[in-house]
Amino acid sequence: MVRTRFAPSPTGYLHIGGVRTALFNWLFARRHGGQFLLRIDDTDQERNVEAALAPILHGFRWLGLDWDEGPEVGGPYAPYYQSQRLPAYQRAVDKLLAGGFAYRDFATPEELQTERETAQAEKRPFLYSRRWMAETPEDAQRFEREGRSGVVRLRMPREGTLRLKDLVRGEVDFDWAREQDHVIQRADGTCLYHLASVVDDFDFRITHVIRAEEHLSNTARQVFIAQSLGYALPEYAHLPYVAEPGSKNKLSKRKLDKYLKNRDFALVNEHGLAIAQALGLATTADTFNPVIVDFYEQVGYLPDAIINYLMLLGWSLDDKTEFFSRQQMIDNFSLERVTKAPASFDPKKLWSFQDHYMQQLPLDEKVERTLAFLVRAGLVAEPVSADARQKLAGIVQAAGDRIKVSGDILAYADFFFTDNFSYEPDALDKRLRKPGAAELLEKFRDRMKTVEPFEIGPLEAAMHEFLAAENIKIGDIIHALRVAVTGKSVGPGIYDCLALLGRDRCLARIDRALKLVRS
RNA sequence: GGCCCCGUCGUCUAGCCAGGUCUAGGACACAGGCCUUUCACGCCUGCAACACGGGUUCGAAUCCCGUCGGGGUCACCA
C-alpha cells in the first residue's frame with residue numbers, strides 16, 4: 001500500500017512550487033491506488049494556525065488535489081497537526097536518549113558559536129565537541145545548578161558512510177562525519193522538524209517520502225533518527241526544485257521584485273492585476289502574484305491548466321504528449337521519468353496551457369464561469385434570469401478565444417452591460433476626430449435605422465452596400481464605428497457587437513460619441 | 001569555503017542506462033507571412049541547443065576522466 005504525504009506549514013498562502021511537490025505526491029499515490037495525506041508542520045507556529053491554513057486547504061481543493069487523511073477530513077492516525085503530537089515526539093526523544101542515540105546538552109548558544117568560529121578560523125569543518133554533553137543525570141544536575149538549560153541532541157556517528165537509494169537520483173552517499181549533532185528538542189520541550197517529521201512519517205505509515213531537493217541533505221540525519229528508533233525506512237524521492245523564470249535559482253516569493261523584471265512574468269502579473277482591479281479586489285504584491293496559487297483562482301484560470309502545466313515541470317511522458325486529463329496523468333505518472341535538473345517556472349507557458357483548456361471548455365461552462373466574474377464586478381445583478389444567461393452566451397461566443405481566463409470577460413465585454421462605459425485613451429482622437437470620420441459614421445448611423453432584422457448577416461450586407469455607395473473601404477469606417485459603440489479599439493467582431501447590443505443602444509452610443517467629438 | 005546535486009534551443013523537454021537510424025525531435029516564447037482592414041484564434045515559414053577539453057571506439061549528445069559553469073545545503077526554521 002502506497003502512502004504519500006505533503007506537509008505544508010501554515011503560512012497563509014499556497015506557493016506554486018509547493019503545489020508541484022504536492023501534485024507529484026498525489027499523482028504517485030493515485031497511480032498506485034494508495035493514499036495521499038496532508039500533515040501540518042506547525043511545530044514552529046504560535047497562533048492562528050487555522051487562519052493561516054485555510055487558504056492552503058482551499059487552494060488544494062480548488063486544484064482538485066484531494067487528500068485522504070489530514071485536516072478537515074481526519075483519518076485513522078489523527079491528529080495530523082504536529083503541534084498536537086507532542087506526546088509521540090516525547091516518547092521518541094526518550095527512546096533515543098535511553099538508547100544512547102541522543103544526549104542532553106547544556107552548551108549555551110554563545111559557546112557553540114565560539115566553537116563554530118574557531119573551526120572556521122582553522123578551516124576545518126565544524127563538529128560540536130560535546131563538551132557540555134550530560135553523560136549522567138548527575139552531570140545534568142550539575143549543569144542545571146550552573147544555571148544552564150538543556151536541549152536534546154542527536155549523537156551522530158562520526159565515521160562511515162550511508163548509502164541511500166533515491167528514486168529520482170539513484171544512489172546517494174552521505175559521510176556521517178559531516179553530520180552535526182542536531183538539536184531535536186528545545187529546552188522548553190518542543191521538538192524540531194527532523195524528529196517530528198520522521199516520527200510522523202512512521203506513525204502515519206508513509207511509504208514514500210517525495211519532497212523537494214533541498215531536503216536531500218537532511219536525509220542522512222532523518223535516516224539516523226529512524227534507524228535508531230527501529231523504524232523501517234520509507235523510500236525517498238527528491239524532486240528538483242522549481243526555479244525562477246529564466247534562471248536556475250530556487251523560486252521564492254521573496255524575490256518578486258526581481259521576477260517582475262522578467263517580461264513574461266510581468267505581463268502575466270499585470271494582466272491579473274487589471275482583472276483584480278476591475279473586481280475591486282484589494283491586493284498587495286505580497287499576496288497576489290503569479291507565484292501564489294490564489295492569484296490564478298482570483299483571475300479565473302482553470303485548475304486543469306495549472307495542474308497540467310505543473311506536471312510537466314520536471315516530468316515528461318515522451319517527446320510529444322503535452323495534454324493530459326487527470327486520469328491520463330494518473331495512469332502515466334512515474335518517478336523514473338522525473339528530471340534531475342531544476343525547471344524554471346515559465347508563466348507564458350502556463351498561459352498557453354490556460355489558453356488551450358479555455359478553448360476546450362464547453363460554452364455553457366464558460367458562461368457560468370464568466371458570469372461569476374460579472375456578478376463579482378457588479379455588472380450583472382443576481383439572481384440571473386434565463387434571458388440574461390442566454391444573452392451572455394451570445395456575448396461569450398462572440399468574444400470567443402479572446403477570453404483566456406474567466407476574468408477576461410470584464411475586459412472584452414463590459415460595454416455590453418453598461419451604457420456608461422469610458423473610451424479607451426486616444427481612441428476618439430485617433431478614430432473619430434479624423435477628417436471625415438464623424439460624417440461617415442453619422443451616415444452609416446442613418447443606414448442602420450433600416451437594417452431588418454438587426455442581425456449579423458443584414459448588418460454586414462448593409463455595410464457592404466454602404467461602402468459601395470460611398471466608394472470607401474471598410475477600414476475608413478469600421479474603426480470609428482467600433483470605438484463609438486464599444487469604447488475600445490479591439491474586441492469581438494463588429495457585427496456581433498452591433499447585433500448583440502441591438503439597434504437602439506447602437507444608435508444612442510453613436511450619438512453619444514459624435515456629440516463628444518463635436519463639442 | 002566544506003559537502004552534495006545538476007549541466008541538450010531563451011524556456012519546458014525527447015534522446016543518454018542498452019554508442020550508429022540525431023545534418024539532435026516536439027512544445028512555449030520570439031521573428032516573418034497567410035487569414036481577418038480590430039484584437040484573438042488558426043495555418044505556414046524561420047531563428048535557435050548537445051558547457052568545454054581530453055580519452056575509449058570504425059563511430060559519442062550518449063561510455064570514462066578532467067575543467068568550467070550553475071544551484072542546493074551547512075539553525076534551538078520547516
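Below: a short report on this structure. (Residues numbered from 1 in each chain as written. Chains lettered and ligands numbered in written order. Predicted model: local features only at pLDDT ≥ 70, side-chain atom pairs only at ≥ 80, totals over all residues. Heavy atoms only, no water.)

The next subject is the packing of aromatic side chains. We describe a pair of aromatic rings using the distance from one ring centre to the other and the angle between the two ring planes. Tallied over the entire structure, the rule returns 21 aromatic pairs. With 6.3 Å between their ring centres and 75 degrees between their planes, F101 and F224 make a pair best called edge-to-face. Residue F101 is found in the loop between helix 3 (86-98) and strand 3 (102-105), and its partner F224 is found in helix 7 (residues 219-228); the two are separated by 123 residues along the sequence. Using a relative accessible area of 8% as the deciding quantity, one classes F224 as buried. Summarising the aromatic geometry, the rings of F421 and Y423 are spaced 5.4 Å apart at their centres and angled 70 degrees between planes, so their arrangement reads as edge-to-face. Classification of Y423 by relative accessible area gives buried; the value is 16%. Against the face of F24 rests R20, its NZ or CZ located 5.0 Å from the ring centre. Positioned above the aromatic ring of F421, the side-chain terminus of R512 is 4.9 Å from the ring centre. (Phe/Tyr/Trp six-rings, centres within 6.5 Å; stacked < 30°, edge-to-face > 60°. Helix = DSSP H or I, 4+ residues; strand = E, 2+ residues; numbered from the N terminus. Buried < 20%, exposed > 50% of the residue type's maximum accessible area, 1.4 Å probe, protein only. Lys NZ or Arg CZ within 6 Å of the ring centre and 35° of its normal.)

Attention now goes to the sheet that holds strand 8 (residues 183-185). Across the sheet, which stays open at both edges, the four strands sit in the order 4-3-5-8 with antiparallel pairing between neighbours. On the outer flanks of this sheet lie strand 4 (133-134) and strand 8, each paired with one strand and no other. Of the strand pairs in this sheet, strand 3 and strand 4 are connected by two bridges, and their pairing is antiparallel. Within strand 4, the residue paired with R104 across the bridge is A134. (Pairing = 2+ DSSP bridges.)

Ranked by internal contacts, the top residues of the largest apolar core, which has 121 residues, are L432, L481 and L498. With nine residues, helix 1 (residues 16-31) is the largest single contributor of residues to this core. The contacts of L481, once residues within four sequence positions are left out, are L441, F444, M448, M463, I494, L498 and I510. Ranked by size, the runner-up nonpolar core spans 34 residues in total, among them I184, I206, V223 and Y236. (Core = buried A, V, L, I, M, F, W, Y, C linked by side-chain atoms within 4.5 Å. Contact = heavy atoms within 4.5 Å.)

Burial along strand 5 (residues 151-154) is two-sided: the residues V151 and R153 and V152 and L154 are all buried. Relative to strand 8, strand 5 runs antiparallel, the two being bridged by two bridges. Paired with R153 across the two strands is V183, which belongs to strand 8.

Another point: the protein's contact with RNA strand B. Among the 59 residues in the neighbourhood of RNA strand B, the closest are listed as D41, R186, Y241, G314 and R402. Taking all atoms of RNA strand B within 4 Å of the protein, the share assigned to sugar and phosphate is 75%. In this structure, a sugar or linking oxygen belonging to RNA strand B sits 2.7 Å away from a side-chain N or O atom of R169. At 3.2 Å from a sugar or linking oxygen of RNA strand B is found a side-chain nitrogen or oxygen belonging to S217. Every element with two or more residues in the surface near RNA strand B is listed here: helix 4 (109-121), strand 5, helix 6 (193-203), strand 12 (343-344), helix 13 (347-360) and helix 20 (478-486). Broken down by element, the residue count for the surface near RNA strand B peaks at four residues, all from helix 13. Across the surface near RNA strand B, the residue classes tally to 16 nonpolar, 18 polar and 25 charged. (Near = heavy atom within 4 Å. Polar contact = N/O pair within 3.5 Å; in protein donor to acceptor, adjacent residues only side chain to side chain. Nonpolar A, V, L, I, M, F, W, Y, C, P; charged D, E, K, R; others polar.)

What follows is about the side chain of T486. Here T486 lies in helix 20. Assessed through its relative accessible area of 2%, T486 is described here as buried. Among the polar contacts made by the side chain of T486, one reaches the main-chain amide nitrogen of K488 at a distance of 3.1 Å. With sequence-adjacent residues up to four places away left out, T486 is seen in contact with F415, F421 and C497.

A word on the pattern of salt bridges. Two side chains of opposite charge can pair, provided their charged atoms sit close to one another. Taken as a whole, this structure holds 47 salt bridges when the rule is applied. A salt bridge links K253 to D286; the nearest nitrogen and oxygen atoms lie 3.5 Å apart. Taken together, the positions of K253 in the loop between strand 11 (242-243) and helix 8 (256-259) and D286 in the loop between helix 9 (263-279) and helix 10 (293-299) put the pair 33 residues apart, joining distant regions of the chain. In this structure K253 comes out as buried when scored by relative accessible area, which is 17%. Judged by relative accessible area, D286 falls into the partly exposed class, the value being 47%. K404 is paired through a salt bridge with D355; the nearest N and O atoms lie 3.3 Å apart. Of this pair, K404 sits in the loop between helix 15 (386-399) and helix 16 (409-417) while D355 is found in helix 13, placing the two residues 49 residues apart along the sequence. (Salt bridge = Lys/Arg side-chain N within 4 Å of Asp/Glu carboxyl O.)

Our next topic: the environment of S228. Here S228 is to be found in helix 7. When its relative accessible area of 13% is taken as the criterion, S228 is described as buried. Measuring from C-alpha to C-alpha, the distance between S228 and Q141 comes to 26 Å, with 87 residues separating the pair along the chain. Setting aside anything within four residues of it in sequence, one finds S228 in contact with L96 and F101.

Moving on, we get to the pairing of strand 9 (residues 208-212). Every other side chain in a regular strand lies on the same face of the sheet, so the side chains alternate between the two faces. The buried count for strand 9 comes to five of five residues, which makes it a mostly enclosed element. Judged from the five bridges that link them, strand 9 and strand 10 (residues 235-239) form a sheet pairing that is parallel. Paired with V209 across the strands is Y236, a residue of strand 10. One crossover worth recording links strand 9 to the parallel strand 10 by way of helix 7, and it is right-handed. (Right-handed = clockwise from strand over helix to strand, strands pointing away.)

This part is about the side chain of K366. Looking at the element boundaries, K366 is found in helix 14 (residues 363-376). The side chain of K366 sits in the buried core without any salt bridge; D401 is the nearest counter-charge, 4.9 Å away. In this view, K366 contacts M358, L361, V396, G400 and I403; residues no more than four positions away in its chain are not counted. (Lys, Arg positive; Asp, Glu negative; His and termini not counted.)

Now for helix 15. If you check helix 15, its first and last C-alpha atoms are 20 Å apart, about what 14 residues at 1.5 Å a residue would give, namely 20 Å. A positive phi of about 55 degrees marks G400, the residue just after helix 15. (Expected span 1.5 Å × (residues − 1).)

Any functional reading would require information beyond the geometric quantities listed.
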